[in-house]
Amino acid sequence: MSRQISYRWRLRELMAARGMFTVAELMPHLAERGITLSSSQVHRLVSGTPERLSLPVLATLCDILDCTPTDLIATSAQNLPTRRAAGEEAPINLAARRPTRVRLTPEG
């Protein structure tokens, strides 16, 4: 059985909970901690879900928002049912396919 892992980026929610509602409010906090990102990069970080994120940026965001990475990234995992390939039949029940003994009788 395979598992599907998903995550939800909660930066915007945590910013709002701390009274920061714009990218312009976040940028000075990043700069004073040595993280220099353009306004468009910060906008994408706030409005989207990053696929890659450097650890220094993650640590800085946690420091600014006084939170942990677990607060910023809500993860979930669920089991997925196994999928059969197209045309593949259900698993074979070997007990039902057992050969039966044949009795040979003379012709005549």
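Residues numbered from 1 in each chain as written. Predicted model: local features only at pLDDT ≥ 70, side-chain atom pairs only at ≥ 80, totals over all residues. Heavy atoms only, no water.

### Overview of the environment of Met 27
To keep it simple, the criterion reads: For the purposes of this entry, the term helix denotes a DSSP run of H or I that reaches at least four residues, the term strand denotes a run of E that reaches at least two, and both are numbered from the N terminus. Any two residues whose heavy atoms approach within 4.5 Å are treated as being in contact.
Inspection of the secondary structure puts Met 27 in helix H2 (residues 23–32). With 16 residues separating them in the primary sequence, Met 27 and His 43 have C-alpha atoms 9.7 Å apart. With residues up to four places along the chain from it excluded, the contact list for Met 27 reads Leu 37, Ser 38, Ser 39 and Val 42.

### Things to note about the layout of surface pockets
Which entries qualify depends on this criterion: As defined here, a cavity is a set of points on a 1 Å grid over the protein atoms alone where a 1.4 Å probe fits but cannot get out. A pocket is an open set with protein on both sides within 12 Å along at least five of seven lines, and residues line them when an atom is within 4 Å of a point. Grid points are joined across faces, edges and corners, and a volume is the space filled by probe spheres set on the points. The classification used treats Ala, Val, Leu, Ile, Met, Phe, Trp, Tyr, Cys and Pro as nonpolar, Asp, Glu, Lys and Arg as charged, and all other residues, Gly among them, as polar.
Of the volumes computed, that of the largest pocket is approximately 220 Å³. In terms of lining residues, the largest pocket is bounded by Leu 37, Gln 41, Arg 44, Leu 45, Thr 49, Pro 50, Glu 51, Arg 52, Leu 53 and Val 57. It is helix H3 (residues 39–47) that provides the largest number of residues to the lining of the largest pocket, a total of three residues. Residues belonging to the lining of the largest pocket are distributed by class as follows: five nonpolar, two polar and three charged.

### Concerning H3
For clarity, the threshold we go by: Only protein chains enter the accessibility calculation, which uses a 1.4 Å probe; a residue whose area is less than 20% of its type maximum is buried, one above 50% is exposed, and one in between is partly exposed. Relevant arc is that of directions from the helix axis to the C-beta atoms, nothing else.
Buried residues of H3: Val 42, Leu 45 and Val 46, and no others. In a view along the axis of H3, the buried residues occupy a sector of 95°, so they form one face of it. At its buried positions, H3 is contacted by strand S1 (2–9), helix H1 (11–17), H2 and helix H4 (55–65).

### Structural notes on the environment of Cys 67
In this structure, Cys 67 sits in the loop between H4 and helix H5 (69–72). Separated by 53 residues in the primary sequence, Cys 67 and Leu 14 have C-alpha atoms spaced 8.6 Å apart. Setting aside chain neighbours within four positions, we find Cys 67 in contact with Leu 14, Arg 18, Leu 61, Cys 62 and Leu 72.

### Here we look at the side chain of Thr 60
With respect to the secondary-structure elements, Thr 60 resides in helix H4. Take Thr 60: its relative accessible area is 9%, and that puts it in the buried class. Excluding anything up to four places from it in sequence, Thr 60 contacts Leu 30, Arg 33 and Ile 35.

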